[in-house]
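A structural walkthrough
Listed below, chain by chain, are the residues.
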Amino acid sequence: MDSIELIESLLAKPYVYTCGESLIALRSFLNGYSFCRIEHKVQEEAAERYSLLPASWLLFPEYVRCSLTYDEPDADWFDILMTYFGDKEGYRMFVSYFDSFRRLEMTSFRRASLSSEQQEHFTKSGVFKNIPISFCIAEMNRGSCYMSACEFENEVWQTRHIFRTEEEAAANAVQLFGSEPVWFGVTGVEGHNFRKPVRMALY
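First things first, this report covers the structure right here in the doc. The model shown is predicted, which means the values in this text are computed figures rather than measured ones.

1. Some thoughts on the overall build of the protein chain
- Along the backbone of the protein chain there are eight helices and six strands.
- Along the first, second and third principal axes, the C-alpha set of the protein chain runs to 55 × 35 × 30 Å.
- Scored against the burial criterion, the 203 residues of the protein chain give a buried share of 46%.
- Residue pairs in contact within the protein chain that sit at least 24 positions apart in sequence constitute 67% of those at least 6 positions apart.
- Accessible area for the protein chain stands at about 11300 Å²; split by element, carbon and sulfur atoms hold 50% of it.
- Of the side-chain charges in the protein chain, 20 are positive and 29 negative, and the distance between the mean point of each set is 3 Å.

2. What about the environment of S28?
- Positionally, S28 belongs in helix α3 (residues 23-39).
- What makes S28 partly exposed here is its relative accessible area of 45%.
- Along the sequence, S28 and R92 sit 64 residues apart, while their C-alpha atoms lie 16 Å from each other.

3. Some remarks on the packing of aromatic side chains
- By the definition in use, this model includes 18 aromatic pairs.
- Taking the centre distance of 6.3 Å and the plane angle of 55° together, the rings of F135 and W183 count as tilted. Of this pair, F135 sits in strand β2 (residues 134-140) while W183 sits in the loop between α8 (166-177) and β5 (184-187), and the two are 48 residues apart along the sequence.
- On the accessibility criterion, F135 (0% relative accessible area) is buried.
- On the accessibility criterion, W183 (18% relative accessible area) is buried.
- By way of ring pairs, the aromatic residues W57, F60, Y63, W77, F78, F94, F98 and F101 are connected into one cluster.
- The ring of W77 is capped by R27, whose NZ or CZ atom sits 5.7 Å from the centre of that ring.

4. Side note on the side chain of S51
- Position of S51 among the secondary structure elements: in the loop between α3 and α4 (60-68).
- A relative accessible area of 9% means that S51 is categorised as buried.
- Among the polar contacts listed, one links the side chain of S51 to the backbone nitrogen of L53, at a separation of 3.2 Å.
- Here S51 is in contact with H192, N193, F194 and V198, once residues within four sequence places are set aside.

5. Some points on the environment of E139
- Its place among the elements puts E139 in strand β2.
- When the C-alpha atoms of E139 and Q175 are compared, they prove to be 20 Å apart, with 36 residues separating the residues in sequence.
- Setting aside its immediate chain neighbours within four residues, E139 contacts E105, M106, T107, S108, C145 and Y146.
- Among the polar contacts made by the side chain of E139, one reaches the side chain of S108 at a distance of 2.5 Å.
- Side-chain polar atoms of E139 contact the backbone nitrogen of G143, separated by 2.8 Å.

6. Structural notes on the pattern of salt bridges
- On inspection of all chains with the given rule, the structure shows eleven salt bridges.
- Between R92 and E89 there is a salt bridge whose closest N-O contact spans 3.7 Å. Of this pair, R92 and E89 are both found in helix α6 (residues 87-102), three residues apart, which corresponds to roughly one turn of the helix.
- Each of the salt bridges in this network shares a partner with another, and the network as a whole consists of E21, E89 and R92.

Quick notes on the rules
Residues numbered from 1 in each chain as written. Predicted model: local features only at pLDDT ≥ 70, side-chain atom pairs only at ≥ 80, totals over all residues. Heavy atoms only, no water. Helix = DSSP H or I, 4+ residues; strand = E, 2+ residues; numbered from the N terminus. Buried < 20%, exposed > 50% of the residue type's maximum accessible area, 1.4 Å probe, protein only. Contact = heavy atoms within 4.5 Å. Areas by Shrake-Rupley, 256 points an atom, 1.4 Å probe, with all protein chains shown as cover. Lys, Arg positive; Asp, Glu negative; His and termini not counted. Charge placed at Lys NZ, Arg CZ, Asp CG, Glu CD. Phe/Tyr/Trp six-rings, centres within 6.5 Å; stacked < 30°, edge-to-face > 60°. Lys NZ or Arg CZ within 6 Å of the ring centre and 35° of its normal. Polar contact = N/O pair within 3.5 Å; in protein donor to acceptor, adjacent residues only side chain to side chain. Salt bridge = Lys/Arg side-chain N within 4 Å of Asp/Glu carboxyl O.

In structure tokens form, the structure reads like this:
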């Protein structure tokens, strides 16, 4: 059972697992589950992905931070919701954000092939050995937020960040590649599948 499936089970029967609507109890249960998995060396198995959606659980803190314009970079979803709403109301808001997070849909998509200069800028730090081929930005739910990904020869790295605006996502591309890519836009899409597996980015 992955994190998304576990949370769906918890939310379906809150009085069984967390004795009611408590954000603290929910977080404690998830931490306990993660600890047991580590103790027994059980790795979370997720199905191979070929799209940016459905969104990975790793992006949920980013989604909450983006929705509430919370700028503390080290805060996770629990810290943010407790700061804004407290325990009981924070639980209800968690349910609301989790539901909308699971319902994210792509409404437009734009892609850019990268020049040799941009490829060199990406790899010159020595941290990345793979040479990027293209970069894409995807709009979710008609501008509610944006995701991005970098395509390589054998896989796609999904950026571990959700952007509030398209301008922020484009600025991240400039930071990665040293200059603004030349975009090719596709609008009115309901999804986009790559022909290679999608991983969460390490950068």
